[in-house]
Each structure stands twice: as structure tokens, then as C-alpha cells.
Amino acid sequence: MSPLLFLLLAALTVASALTVVVHQNPVHSACALVLTLCLLAVFFLGLDAQLVALLQVIVYAGAIVVLFLFVIMLLNLQVEARAMAGTLLVGTAAVGGVALAVLIVTALRRAAPPAGRGVPAGFGETAALARQLFTVYLLPFELTSLLLLVAIVGAVALAKKPS
Amino acid sequence: MTPPLAWYLGLSAVLFAIGVLGVLIRRNVIVIFMAIELMLNAVNLSFVALARSLGSMDGQVIVFFVMTVAAAEAAVGLAIILSMFRNRETTNADELATLKW
């Protein structure tokens, strides 16, 4: 990825992320979220993370945001009169948000940058990711399935109409 | 020539701050939820950029786990919002203040 392309995509990403946060209509927020997630997938592709980029589009933009849109549709949310907090809080939050970004960037600049070790052959391919996942991270991987099972049961139990 | 690691980390920091901003200024719980997803994704970008820079796959594996947890969180959270809406007819965080001191 060339630096020019990076800057262009980064500007687009920040703009669509801001749209998610400030747009009054939740449906438009969700659509902007899809755009943000897809742009992040492009960054992942540029960072040799092909499988992660693919999962980002399928799982995040595909499944999770559709779930959001589905709930918005179910609740029939419209543009609200009081979508935002009070002006004082918004102003304070904006200043605080900028300060937080500056703080993180400053902290990162002061931290010692990790030594670049170069990329081994086959980096980011599905085989390399799967090898890590099924050897070093086998236990967390299996626990993940348990977590998803609990989440499914919990979601059904919560969303079910009380009989 | 590829952009340096610091650029990716900077973009990640900005996206995270936007997510925090969203949680603070929005009153609709669903939009607050989307802002949380934005923060999770900002951290994912850091993980992938550092994995690339260190030449280690571990960062990408952790992103995989973050996505799984985000999916579980979205399913349960939206179910909670649904049942909350059924009881209170609102998704405004200011009106859901029964537990507030």
C-alpha cells in the first residue's frame, strides 16, 4: 500500500467513522459502519492479513451489522429529536475525545518502537493462521465455541416473548 | 514503499477516540453499541499492524478472538436492548435510569 493511498483511505475511514457517531438516523449510522468496516478490511489486506480481512467483511459487515439493522427495523426507530446529549456534554466530550487521541499518539511516540523483524514466508495466509490457532491457541479456540453457545442460548432466552 | 507502523497506530488511536466520543455524546443505546464496535475495530487495526511489524501471527489470531467476542456481545446486547424496549418503549439511555442513584 503506497503512503498516498493510505492517507486517502485513512481520511475516508475517519469521515465514515464520524458519520456513524454524529448522524441522527440510526439506519444511516449502521450503513456508515458497514463502510468503515470494509475500509478497515482494505487496510488489513495491505497488512498481509488476507483471512482477517475476509472475516472482517463476512462476520462484521455481513453478520453483525445486519443484526444491528434488523433490531433497528424491529424497533422501528426514526430520527429522534433528542439523539444527542446536551450541548455542554457534547462540547466537553469533543474536547475530551481530541485529548484522548493526542494522549494515545503521544504515548505511542514515546514508547520504543518494536524492532521490525521482516515478514516470514507465507505470513498472513490461512495455513499460517490455522497452524497457530490449532496448536498454540487450541484451548482458547475451544473455549470460544463454548462462549458462542452461551451467547446463542442467552440471546434466545432474553429476546423470547415472556409466555 | 509501505506506510510506517506509526501511521497505522495513529489511525487506530483516532478511530478509538471517535468511538469513545460516540459513547459519550449519543443517547440511543443502539448507536452507543455501534460506537463500541468502532472501538473494537480500532484495536484490531493496531493488532494487525503490530503483527505485521513484528513478523508474528499472534496478533492476527487475537483479532480472530476479538471478532468472536464481538459477535457474542452483539447478539446478547441486542437481545437485551430488545427486551428493554419491550418493557420500557424506549432506547434512550437518559430514560433508562432506574438504577441511577
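Residues numbered from 1 in each chain as written. Chains lettered and ligands numbered in written order. Predicted model: local features only at pLDDT ≥ 70, side-chain atom pairs only at ≥ 80, totals over all residues.

A.B. asks: How do you make sense of the domain arrangement of chain A when you look at a structure like this?
C.D. replies: Accessible area lost upon the coming together of the parts serves often as the stated size of an interface. The domains assigned to chain A are domain 1 (1–80) and domain 2 (125–163). Inter-centroid distance (C-alpha atoms) of domain 1 of chain A to domain 2 of chain A is 23 Å. (Domains from an automatic or database assignment.)

A.B. asks: What is the right way to look at the interface of chain A and chain B in this model?
C.D. replies: Counting residues at the interface gives 74 residues for chain A and 61 residues for chain B. Considering every element that reaches the side of chain A that touches chain B, the biggest residue donor is helix H3 (residues 50–75) of chain A, with 12 residues. Its residues placed into classes, the side of chain A that touches chain B shows 59 nonpolar, 11 polar and four charged. (Contact = placed C-beta atoms within 7 Å. Helix = DSSP H or I, 4+ residues; strand = E, 2+ residues; numbered from the N terminus. Nonpolar A, V, L, I, M, F, W, Y, C, P; charged D, E, K, R; others polar.)

A.B. asks: How should unusual backbone geometry be read in this particular structure?
C.D. replies: When glycine is set aside, most residues are seen to have a negative phi, and most peptide bonds are trans. Notably, Asp48 of chain A is not glycine yet its phi reads approximately 60 degrees, a positive angle. Within the secondary structure layout, Asp48 of chain A lies in the loop between helix H2 (26–46) and H3.

A.B. asks: What should I look at first to understand the packing of H2 of chain A against H3 of chain A in this one?
C.D. replies: Helix packing geometry: the angle between the two helix axes and the distance between the axes. All names here are of chain A. Across the interface, H2 lies against H3 with an axial gap of 8 Å and an inter-helix angle of 175 degrees. The orientation of H2 relative to H3 falls into the category roughly antiparallel. Taking contact as the criterion, the partners of Pro26, Val27, Ala30, Leu33, Val34, Leu37, Cys38, Leu40, Ala41, Phe44 and Leu45 in H2 are, on H3, Gln50, Val52, Ala53, Gln56, Val57, Tyr60, Ala61, Val65, Phe68, Leu69 and Ile72. Looking at the contact of H2 with H3 residue by residue, the class counts come to 20 nonpolar, two polar and no charged. (Axes fitted to C-alpha atoms, helices over the stretch in contact; angles between N-to-C directions. Parallel < 35°, antiparallel > 145°, perpendicular 65-115°, else oblique.)

A.B. asks: What is the right way to read the packing of helix H5 (residues 126–134) of chain A against helix H3 (residues 58–88) of chain B from this model?
C.D. replies: One way to put it is that H5 of chain A packs onto H3 of chain B with a least axis distance of 10 Å and a crossing angle of 75 degrees. In terms of axis orientation, H5 of chain A runs roughly perpendicular to H3 of chain B. Two secondary-structure elements touch here, H5 of chain A through Leu129, Gln132 and Leu133 of chain A and H3 of chain B through Asp58, Gln60, Val61 and Phe64 of chain B. Tallied by class, the residues present in the contact of H5 of chain A with H3 of chain B amount to four nonpolar, two polar and one charged.

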